[in-house]
Amino acid sequence: MPIYRQDGKELHAPRLPRLGIVRLGIKVEGTRKDGSTYTYPKATDYFVLDDAPGLKEIFGDKPTAIGPIILPSEDEETISEYYRYYTNTWGLTCIGDGQHANRLVDLTALEQSGEQKPASHQSKKGRVERQQVSCPCDLLDKKLCNDTLYLRFAMPTIPGFGVWQIGTGSSNSIKNLMGCIRLIKSLTPSHQVTGIPLVLKLAP
């Protein structure tokens, strides 16, 4: 029997072994007015498989379709949509569902101001703690936090035991993907998408 948290979710949810990441864009370098440089994501019209070498060997450098894929389950480990806030120092610093969020809070800032501010590069180890906060918050208004969907899928015809992951923060892509999954479920007797061979396509 699993142990459950106060929010009803499993304390130690199953984690599928990840074989690689399929990306929908590349990082390019830009220059600020002061001459300093920075990187930002740029969408591509093909799947980027640099972090999925097992797939790149099969599908090439710039595939627009990958398959057959199979979704291993119906739970959020396979299809996971949350508000997510990342920092360079702490990684995934805050994750929320639109009502509640699990945030890595800076305890020093909490003692000084009473606010559950997210940990930053100035936060010290041992002075941060996971706490529940309201969601959404001003991080979303400032576009520091984003609605992100991760899809994890298996490929039975490709060597390796585990799943590949693809993520998107595009509202249209999330709607299209979730709409396709809902349609597939409605057309199956079991109303499930698990185990059905599918093809993942990137199209305009």
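Predicted model only: the values in this text are computed from it and were never measured.

### A few points about the overall build of the chain
On a plain count of helices and strands, the chain comes out with four helices and 10 strands. In sequence order, the chain lays out its α and β elements as β-β-α-β-β-β-β-α-β-α-β-β-α-β. Projected onto the principal axes, the alpha-carbon positions of the chain cover approximately 55 × 55 × 30 Å. The buried share among the 204 residues of the chain stands at 31%. Taking as baseline every contact in the chain between residues at least 6 positions apart, the subset at least 24 positions apart corresponds to 56%. Working note: accessible area of the chain is about 13500 Å², and carbon and sulfur atoms make up 52% of it. Mean positive and mean negative side-chain charge positions of the chain (25 and 22 charges, respectively) differ by 3 Å.

### Examining the nonpolar core
With 21 residues, the main nonpolar core has V22, L55, L151, F153 and M155 as its most contacted residues. Secondary structure elements with two or more residues in this core: β3 (65–69), β8 (146–153), β9 (163–168), α4 (171–187) and β10 (198–201). Once residues lying within four places of it in the same chain are set aside, the contact partners of F153 are V22, I69, I70, L71, P72, V163, W164, I166 and L200. Judged by nonpolar contacts, the second largest core, of seven residues, contains A101, V133, C135 and L139.

### A look at the environment of S113
Locating S113 in the fold gives a position in helix α2 (residues 107–113). Separated by 37 residues in the primary sequence, S113 and Y150 have C-alpha atoms spaced 35 Å apart. A distance of 2.8 Å separates the side chain of S113 from the backbone oxygen of A109, its partner in a polar contact.

### With respect to the sheet that holds strand β2 (residues 37–48)
The eight strands lie next to each other as β2-β1-β9-β8-β4-β5-β6-β7, forming an open sheet whose pairing is mixed. Of all strands in the sheet, those bounded by a partner on one side alone are β2 and β7 (128–134). This sheet shows a mean twist of 40 degrees between the axes of neighbouring strands, independent of strand direction. With five bridges connecting them, β8 and β9 associate as antiparallel partners.

### Looking at the side chain of R103
Structurally, the position occupied by R103 is in strand β6 (residues 100–106). At 5.6 Å, D138 is the nearest oppositely charged side chain to R103, a buried residue that forms no salt bridge. A distance of 2.7 Å separates the side chain of R103 from the backbone oxygen of Q116, its partner in a polar contact. In contact with R103, not counting residues within four places along its chain, are T93, C94, Q116, K117, P118, E129, R130, Q131, V133, C137 and L139.

### Quick notes on the environment of T108
Tracing the chain through its elements places T108 in helix α2. Sequence spacing of T108 and D34 is 74 residues, and the spatial spacing of their C-alpha atoms is 33 Å. Within the local environment of T108, its side chain forms a polar contact with the side chain of R127, the two groups lying 3.3 Å apart.

### Some thoughts on the pairing of strand β5 (residues 91–96)
Here strand β4 (residues 79–87) pairs with β5 via five bridges, running antiparallel. Counted as the bridge partner of Y85 is C94 from β5. Sheet topology note: the β5/β6 ladder contains three bridges and is antiparallel. Within β6, the position partnered with C94 by the bridge is R103.

### A short note on the pattern of salt bridges
This model, assessed by the stated rule, comprises six salt bridges. In this structure, the salt-bridge partner of K56 is D50, at a minimum N-O distance of 2.8 Å. The closest approach of N and O atoms between K142 and D138, which form a salt bridge, is 3.6 Å. According to the relative accessible area criterion, K142 is exposed, its value standing at 55%. By relative accessible area, which is 41% here, D138 ends up partly exposed. Overlapping salt bridges, with partners in common, bring together D50, K56 and D61 in one network.

Rules and cut-offs
- What you see as residue numbers is a count from 1 along each chain, following the sequence as written.
- This being a predicted model, a pLDDT of at least 70 is required before a residue's local features are given, and a value of 80 or more before pairs of side-chain atoms are given or counted; all residues contribute to the totals for chains, interfaces and linings.
- Side-chain measures were taken over the full set of non-hydrogen atoms in the model, leaving aside hydrogen atoms and water.
- Going along the chain from the N terminus, every DSSP run of H or I of four or more residues is numbered as a helix, and every run of E of two or more is numbered as a strand.
- A 1.4 Å probe rolled over the protein chains alone gives each residue an accessible area, and that area as a share of the maximum for its type sets the label: buried under 20%, exposed over 50%, partly exposed in between.
- Every residue pair with non-hydrogen atoms within 4.5 Å of one another is taken to be in contact.
- Surface exposure here means Shrake-Rupley accessible area, sampled with a 1.4 Å probe, where a residue is shielded only by the protein chains that are shown.
- His is not counted, nor are the chain ends; Lys and Arg add positive charge and Asp and Glu add negative charge.
- For the purpose of locating charges, the reference atoms are NZ of Lys, CZ of Arg, CG of Asp and CD of Glu.
- Remark: nonpolar core denotes a set of buried residues (Ala, Val, Leu, Ile, Met, Phe, Trp, Tyr, Cys) joined through side-chain atoms within 4.5 Å.
- Side-chain atoms alone can form a polar contact between residues adjacent in sequence; in general such a contact is a pair of N or O atoms within 3.5 Å, and within protein one must be able to donate a hydrogen while the other accepts it.
- For two strands to be treated as a pair, DSSP must find at least two bridges joining them.
- Interaxial angles span 0 to 180 degrees and are taken between N-to-C directions of axes, which are lines fitted to C-alpha atoms, for helices over the stretch in contact.
- Salt bridge criterion: a side-chain nitrogen from Lys or Arg within 4 Å of a carboxyl oxygen from Asp or Glu.

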